[in-house]
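# Chains, contacts and geometry: an overview
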Amino acid sequence: MLRNYVKIAWRNLVKNKAFSFINIAGLSVGLAVAMLIGLWVWDELSFNKYHENYNRIVQVA
């Protein structure tokens, strides 16, 4: 059954090349942006974690 799904998906990818390219490009850009946002959030949350009392440190802008 899985083989049939893959076969149908491949036929649709080959049949609709422009639409497939737009979908795959959008998916890859979305995944890249999500990973970059995740890395940014991780960096912001791990600020000054190497100090002994890091939970008492504040940053004034």
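All of these numbers come straight from a predicted model, not from anything done at the bench.

## Considerations on the environment of Asp43
Tracing the backbone shows Asp43 in helix α2 (residues 17-45). According to the relative accessible area criterion, Asp43 is partly exposed, its value standing at 47%. On a C-alpha basis, the gap between Asp43 and Ser20 in space is 35 Å, while along the polypeptide they are 23 residues apart.

## Let's talk about α2
Here α2 spans 42 Å end to end across 29 residues, near enough to the 42 Å set by a 1.5 Å rise per residue. A small share of α2 lies buried, amounting to 1 of its 29 residues.

## Some words on the packing of helix α1 (residues 2-15) against α2
The contact between α1 and α2 brings their axes to 5 Å, and the two run at 105°. As the angle between them shows, α1 and α2 are arranged roughly perpendicular. Judged by residue contacts, Asn12, Leu13, Val14 and Lys15 of α1 engage Lys17, Ser20 and Ile24 from α2. Grouping the amino acids of the contact of α1 with α2 by side-chain chemistry returns 3 nonpolar, 2 polar and 2 charged.

About the thresholds
- Residues numbered from 1 in each chain as written.
- Predicted model: local features only at pLDDT ≥ 70, side-chain atom pairs only at ≥ 80, totals over all residues.
- Heavy atoms only, no water.
- Helix = DSSP H or I, 4+ residues; strand = E, 2+ residues; numbered from the N terminus.
- Buried < 20%, exposed > 50% of the residue type's maximum accessible area, 1.4 Å probe, protein only.
- Expected span 1.5 Å × (residues − 1).
- Axes fitted to C-alpha atoms, helices over the stretch in contact; angles between N-to-C directions.
- Parallel < 35°, antiparallel > 145°, perpendicular 65-115°, else oblique.
- Contact = heavy atoms within 4.5 Å.
- Nonpolar A, V, L, I, M, F, W, Y, C, P; charged D, E, K, R; others polar.

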